[in-house]
Amino acid sequence: MKTLIIGAGISGLFVAYELAQRGLRDIVVVDASYPGSGATLRNLGCFRSSFTSPEHVVLMKESIREWLRLGDRLDLEIEQKGYLWVARKPETLDNFRKLVEFHHQFNVPTRILDVDEVKALEPRLNTKIVAGAMFDPTAGKMSIIKNFTKFYLEVKKLGVRIVPYTRVTKLVARGSRVTAAETSSGTVEADAFVVAAAGDSRDIIATVGVDVPIVDVPRHPYVTEPYAKAIEPALIIDWDTPGSPHVTQTKHGSLILARDLEDTPRASLYSQRVDAIPHILKPLRELLPFLSEVNILRYWMGYYDMTPDHHPIYGPVQPYENLYIAAGFSGHGMMMGPVTGKLVASWILDGKPYIPIAGNLTLERFKTGRLVKELAVIG
Ligand SMILES: Cc1cc2nc3c(=O)[nH]c(=O)nc-3n(C[C@H](O)[C@H](O)[C@H](O)COP(=O)(O)OP(=O)(O)OC[C@H]3O[C@@H](n4cnc5c(N)ncnc54)[C@H](O)[C@@H]3O)c2cc1C
C-alpha cells in the first residue's frame with residue numbers, strides 16, 4: 001500500500017513515523033518548501049494538558065507521555081517546569097478552581113497558588129497586582145530545532161521518503177476514492193492520502209469539493225538578547241489581559257514574548273509588526289518589571305491554523321474512503337504531534353481512532369454542529 005502525506009511539518013512526519021512503525025513501507029511525504037518550514041519551526045515548543053475540553057486534556061496527556069518516551073529514546077531536549085497561569089482578578093481564581101476540579105477528573109495535577117506561593121515560584125513577579133495563579137506542573141517546553149531535526153532523521157531512518165519543494169496543486173478523485181495528487185513535480189498516485197498541510201489543507205481539500213474551515217491567523221513572537229535565568233516556569237501567562245500575553249525563556253537565555261493581536265488572516269509572513277511591541281510589553285512589564293530593561297533583538301511571524309472550535313480536525317474526509325486530514329491545531333500542533341501520528345495511523349489501519357474521544361474531532365462535526373469548546377488558547 002502506498003501512502004502520500006502532504007506536508008512535512010510535525011504532523012505529517014508523526015503520521016509517517018507511526019505508519020512506518022506499524023509496518024507500512026511505501027510512504028512518501030511531500031512538502032511545498034523544506035520540512036518544518038510551516039508553523040513547526042516557528043513555534044514556542046511549549047506543552048501542557050491543562051485545557052478546558054475533555055478531548056484536549058485526554059489527547060494532550062497521551063501526547064506528552066509519548067513526547068517524554070521519545071525524548072528518552074532519541075535524547076531530545078524536553079523540560080517539565082510547569083505553566084504559571086497568573087490571575088490579576090480574584091474572580092478569575094474562582095474559574096481556575098473549577099478548572100482544577102475538571103483537570104483532576106483526568107489526573108492532571110493542576111493546583112491553585114496563593115500570592116505567597118506565586119512569589120516563591122517566581123520571585124520576580126510583581127505580586128502587588130496578582131491575586132493568585134493556577135499551576136500545571138506537568139506542562140513544559142522543548143527545543144524545537146533540536147527535537148525536530150532529530151525526529152526528522154529518525155523518520156528517514158525508517159525508510160520514509162521525504163521530498164521537499166514539491167507542492168500539491170490538486171487532488172484527483174474517481175468515485176469515492178482519491179487516486180492521485182498533482183504536484184509541481186508531476187502526478188503521484190497512491191492508495192491513501194493524508195493532508196497535513198496546516199491552513200493550506202483547506203485549499204488542497206477544496207480541489208475535491210470539500211470545505212475545511214481552517215483560517216491562518218498570524219502570530220508575532222519577539223525575542224530578546226540572552227540573559228541569565230530570569231523566568232522559572234516553562235511559561236508565564238497573564239490570563240486576565242486580553243490576548244493572554246505570555247513569556248518564556250530559552251535554554252540559551254533569550255526571552256520570548258508574545259500576545260494574540262488583531263491581524264489580517266494569512267497576512268504575508270514578511271509583514272512588519274514592530275507596532276506590536278508596546279502591546280506585548282506593557283502588560284508583561286507590569287507583571288515582571290525587569291522587562292523594562294531588556295533589549296529586543298528580532299521577531300518572527302507564523303500562523304496559528306485556527307478552526308471554529310479551536311480543536312484540530314482529524315480522520316477521514318467524507319465522502320472519500322482513502323483521504324484523511326490532520327490539521328487545524330489552533331496553536332497546539334507541536335505538543336499534539338505524537339498523538340496525531342498514532343491517531344491518524346489507527347484511522348488508516350484499523351478504521352477507527354485508538355483513543356475513542358478523538359472521534360469527536362472529525363470534519364463531520366462542522367456539518368452536525370457538534371463543536372467542542374476550548375477556552376484556553378494562549379496567544
Ligand atoms: C508563533 C507560534 C507559536 C506556537 N507555539 C506553540 C507551542 O508552544 N506549542 C505547540 O504545541 N504549538 C505551538 N504552535 C502551533 C504549532 O506550531 C502548529 O500547530 C504545528 O506546527 C502544526 O504543525 P503541522 O505539521 O500541522 O503544520 P505545519 O508545520 O504548518 O506544516 C505544514 C507543511 O505543509 C506544507 N504545505 C503547505 N501547503 C502545501 C502543498 N500544497 N503541498 C505540499 N506541502 C504543503 C508547508 O510547507 C508546511 O511545511 C505555535 C505556532 C506559532 C505560529
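Scroll up a little and you will see the structure.
In what follows, the accompanying structure is described. (Residues numbered from 1 in each chain as written. Predicted model: local features only at pLDDT ≥ 70, side-chain atom pairs only at ≥ 80, totals over all residues.)

1. A short note on the sheet that holds strand 11 (residues 177-183)
Spatially, 10-11-12 is the arrangement adopted by the 3 strands of the open sheet, whose pairing is antiparallel. Both outer strands of the open sheet, strand 10 (168-174) and strand 12 (186-189), are each paired with one neighbouring strand and no more. For this sheet, the mean angle separating the axes of adjacent strands, direction not counted, is 25°. As paired strands, strand 10 and strand 11 are joined by 6 bridges and run antiparallel to one another. Of the residues in strand 11, the one forming a bridge with arginine 174 is arginine 177. (Pairing = 2+ DSSP bridges. Helix = DSSP H or I, 4+ residues; strand = E, 2+ residues; numbered from the N terminus. Axes fitted to C-alpha atoms, helices over the stretch in contact; angles between N-to-C directions.)

2. Observations regarding helix 3 (residues 90-105)
Its 16 residues give helix 3 an end-to-end C-alpha distance of 24 Å, which sits within 8% of 22 Å, the value for a rise of 1.5 Å per residue. Those residues of helix 3 that fall on the buried side of the exposure criterion are Phe96, Leu99 and His103. Along the axis of helix 3, the buried positions cluster into a sector of 60°, meaning they face one direction only. Across from the buried face of helix 3, at angles greater than 90 degrees, the exposed residues are Pro90, Glu91, Asp94, Lys98, Glu101, His104 and Gln105. Looking one or two places after helix 3, you find asparagine 107, whose phi comes out positive at around 60°. (Expected span 1.5 Å × (residues − 1). Buried ≥ 20, exposed ≤ 12 C-beta atoms within 10 Å, placed from the backbone. Arc of directions from axis to C-beta.)

3. Side note on the environment of lysine 373
Take lysine 373: it is sitting in the segment after helix 9 (365-368). Overall, lysine 373 belongs to the exposed group, with 11 C-beta atoms counted inside 10 Å. Separated by 114 residues in sequence, lysine 373 and arginine 259 place their C-alpha atoms 21 Å apart. Beyond its immediate stretch of four places on either side in the chain, lysine 373 contacts Ser53 and Asp309. (Contact = placed C-beta atoms within 7 Å.)

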